[in-house]
Amino acid sequence: MEEIRTDVLVVGGGPAGLSAAAEAASAGADVLIAEGDLHLGGQLVKQSHKFFGSKDEFAGTRGFEIARLLRDEIAQCGDHVKIMLNTTVSGYYPDEKLVTAMVGEEEYVHISPKKIVLASGAQERLIPFPNNDLPGVYGAGAVQTLMNVYGVTPGKRVLMIGAGNIGLIVSYQLLQAGVEVAAILEAMPRIGGYWVHAAKVRRLGVPILLRHSISRAIGGDVVTGAMVCELDEKFAPVGEPQKVDCDTICLAVGLTPSNELLWQAGCKMKYVPFLCGHVPFRDKNMRTSNSDIWMAGDVCGIEEASAAMIEGRIAGMSAAASLGFKVSSENFEGCHARLHNLRAGEVGEKIRIGVSGVTVDGWEANV
Amino acid sequence: MNAPRSFESGVLTEERPGAVMPPQDRWREHKGGLVIVECPQRIPCNPCNTSCPTGAIMPFADINDVPQIDYAKCTGCALCVAKCPGLACFVADLTFGDGLALMKLPYEMLPSPAKGDRVECLGRAGENVCLGRVENVTEPLRDRTRVVHVSVPADKVNDVRAIRVV
Ligand SMILES: Cc1cc2nc3c(=O)[nH]c(=O)nc-3n(C[C@H](O)[C@H](O)[C@H](O)COP(=O)(O)OP(=O)(O)OC[C@H]3O[C@@H](n4cnc5c(N)ncnc54)[C@H](O)[C@@H]3O)c2cc1C
């Protein structure tokens, strides 16, 4: 079997992975990006809204445009970066330092990298309720993929569950696609996403019902509606459920890191609610307890593309530096400062606390 | 379904830091209008400042700060209206005349309205506030965020925040 060799293997071609690849390659390392999807960009390719953040991280630019800018940056790296699309990394064997991957559905390959940056992103959470297996119940990611990648609307009238940034933004994108949003339900007493995202859909007439949730989906063969209930302080249903007519129920109830490969690699992990799942311990340059593996982006805690890109740059530089390539300490300092600034405010508080609980001073012991 | 007009659900109910109306004196006289920013939550975001050509949206000490405006410098150019990812900037020109004000509102829906169209003007909770006339449609950054200039009765300036093409 063919065994592919590379200095740095980047698993996942989202904003974190592309940033890592660009930095490692511009330091001089040979980089291979393995991406399971048919295109690079990760979540960014589905984001038609303008991003928040600072100019350095392309704030005010639409997500899919940011993906294009990152792909351009990768193209500048010439032969230093090889890209394998439709290639899903399926396993890591720490003893042999061997990575296995599926190319398409038939071909199986071995990759033997000196160092790995894991940037596999996140997967969606779902919530249980009766009839949640009816056609018409979707995760927000699927709704976005249908709409923004394939140009297909999921239905005519959607009930959105969850008023975090994803629920709010996907609602806005549905409105842009001409789909009606019956309501956004949120179990908490306040929206979880940015206030301005909520204001944007509210002024277009979408009700946001706080302290509300879905109690069941209605329908025979497909979704025709949902029963919606109010919740008390303990999140128990109160009063009579109300019926909402809709043909689509969209769940936007959170993400959790896609951390399987980190487990396989034996990285030291911890469950951190503020980071939305099990995440690895890391030093400040994103190295895990396995001295061959770095990570960046949502896989090390659910955050934002802006942070994912900076973490990716740090991880890429650090992986390259460990192979003897020259990276200036100014570059590291600049990235650390930008990351610090992004997380400095109130909305960054949970991330700050979460990250500080899994950050170690160094891995000297096993490096 | 009826949702209460609460701040917690994304409806501005009163002035707050980051959501302050322009000073009346200057606003009444300033041709081109002044910006209204409704960004009352500290989030890590600053394109309003970096896109402002006159420095009216003041530099952020911390990227998480809410925007602060030096109204002496605001020209009502509406670049921030086009740039703000939260669609939280609006311009209102009270000098339009005939008891009307000209509002410059961000618009990212289809179809795009055309000059002369009558559109529904919506309030912060999507309620129908009044009809307005489209006076101009621009796309300052050529990035599909349009700025729709719509004339509305001057006393509706504090209520109108969006339009619907009917
Ligand atoms: C609706 C929505 C709106 C958002 N809005 C904003 C915003 O305004 N501002 C902001 O900063 N952020 C925003 N985000 C968040 C942002 O998109 C993510 O934080 C960011 O994409 C995370 O980057 P990542 O590279 O870690 O992961 P992803 O973008 O998820 O990329 C991971 C990539 O890895 C690939 N992959 C996974 N496993 C494997 C494997 N085993 N083998 C090969 N490839 C694999 C996936 O196919 C994917 O391409 C938004 C997200 C959503 C869903």
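Everything quoted here is computed from the prediction, not taken from an experiment.

## Describing the site of the ligand
All names here are of chain A.
At step 1: Close contacts around the ligand come from 31 residues, with E35, Q43, V89, D298 and A305 the closest.
At step 2: Between the ligand and A16, the relevant distance is 3.0 Å, taken from an oxygen atom to a main-chain nitrogen or oxygen of the residue.
At step 3: In this structure, V89 approaches the ligand through a main-chain N or O atom, which is 2.9 Å from a nitrogen atom.
At step 4: Here the ligand has 1,000 Å² of accessible area as a free molecule, and 90% of this is covered by the chains.
At step 5: Counting residues per element, the ones that place at least two in the shell around the ligand are helix 1 (15-26), strand 4 (87-93), helix 4 (165-176) and helix 7 (305-322).
At step 6: Here the shell around the ligand spans two domains, since at least three of its residues come from each of domain 1 (3-123 + 255-356) and domain 2 (126-251).

## Quick word on unusual backbone geometry
Residues and elements named next belong to chain B.
At step 1: Cis peptide bonds are those with omega within 30 degrees of zero, and the linkage from L110 to P111 qualifies with -5 degrees.
At step 2: Within the secondary structure, P111 sits in the loop between strand 3 (100-107) and strand 4 (118-122).
At step 3: Not every positive phi belongs to a glycine, and R142 is a case in point at roughly 50 degrees.
At step 4: Within the element layout of this structure, R142 appears in the loop between strand 5 (128-138) and strand 6 (146-153).

## A short note on the nonpolar core
At step 1: L174(A), I184(A), I208(A) and V150(B) are the most contacted members of the largest nonpolar core, which totals 73 residues.
At step 2: Excluding residues within four positions of it along the chain, L174(A) makes contact with V143(A), M147(A), P154(A), V158(A), M160(A), V179(A) and V181(A).
At step 3: Residues I33(A), C77(A), M295(A) and F332(A) belong to the second largest nonpolar core, which totals 67 residues.

## Thoughts on the packing of aromatic side chains
All names here are of chain B.
At step 1: Scanning the entire structure with this criterion turns up 2 aromatic pairs over all chains.
At step 2: The ring centre of F7 lies 3.4 Å from the NZ or CZ of R16, which sits over that ring.
At step 3: Over the aromatic face of F90 sits the side chain of R161, whose NZ or CZ is 5.2 Å from the ring centroid.

## Things to note about the sheet that holds strand 12 (residues 212-218) of chain A
Residues and elements named next belong to chain A.
At step 1: The sheet built from 3 strands is open, its strands ordered 12-13-14 with antiparallel pairing. Looking along the sheet, the strands with just one partner apiece sit at the ends: strand 12 and strand 14 (237-245). Along the sheet, successive strands turn relative to each other by an average axial angle of 25 degrees, direction set aside.
At step 2: The pairing of strand 13 (residues 225-231) with strand 14 spans 6 bridges and is antiparallel. In the strand pairing of strand 14, L231 is matched with P237.

## A look at the interface of chain A and chain B
Accessible area lost when the parts come together is the quantity often used to give the size of an interface.
At step 1: Contacts between the two partners involve 40 residues from chain A and, on the opposite side, 46 residues from chain B.
At step 2: Together chain A and chain B conceal approximately 3,500 Å² of surface at their shared face, both sides included; 58% is due to carbon and sulfur atoms.
At step 3: Counting the surface chain A buries against chain B, the share from its top three residues, W195(A), R202(A) and R203(A), is 26%.
At step 4: Counting across the interface, chain A meets chain B through 3 salt bridges.
At step 5: Note that R42(B) and E346(A) form a salt bridge whose closest N and O atoms lie 2.6 Å from each other.
At step 6: Inspection of the region where chain A meets chain B yields 21 residue pairs in polar contact (both at pLDDT 80 or more).
At step 7: Every element with two or more residues in the side of chain A that touches chain B is listed here: helix 4, helix 5 (195-202), strand 11 (208-210), strand 14 and helix 8 (329-342) of chain A.
At step 8: When residues of the side of chain A that touches chain B are assigned to their parent elements, the largest contribution, 6 residues, is made by helix 5 of chain A.
At step 9: Across the side of chain A that touches chain B, the residue classes tally to 23 nonpolar, 9 polar and 8 charged.

Parameters and conventions
- Residues numbered from 1 in each chain as written.
- Chains lettered and ligands numbered in written order.
- Predicted model: local features only at pLDDT ≥ 70, side-chain atom pairs only at ≥ 80, totals over all residues.
- Heavy atoms only, no water.
- Near = heavy atom within 4 Å.
- Polar contact = N/O pair within 3.5 Å; in protein donor to acceptor, adjacent residues only side chain to side chain.
- Areas by Shrake-Rupley, 256 points an atom, 1.4 Å probe, with all protein chains shown as cover.
- Helix = DSSP H or I, 4+ residues; strand = E, 2+ residues; numbered from the N terminus.
- Domains from an automatic or database assignment.
- Core = buried A, V, L, I, M, F, W, Y, C linked by side-chain atoms within 4.5 Å.
- Buried < 20%, exposed > 50% of the residue type's maximum accessible area, 1.4 Å probe, protein only.
- Contact = heavy atoms within 4.5 Å.
- Phe/Tyr/Trp six-rings, centres within 6.5 Å; stacked < 30°, edge-to-face > 60°.
- Lys NZ or Arg CZ within 6 Å of the ring centre and 35° of its normal.
- Pairing = 2+ DSSP bridges.
- Axes fitted to C-alpha atoms, helices over the stretch in contact; angles between N-to-C directions.
- Buried area = accessible area lost by both parts, 1.4 Å probe.
- Salt bridge = Lys/Arg side-chain N within 4 Å of Asp/Glu carboxyl O.
- Nonpolar A, V, L, I, M, F, W, Y, C, P; charged D, E, K, R; others polar.

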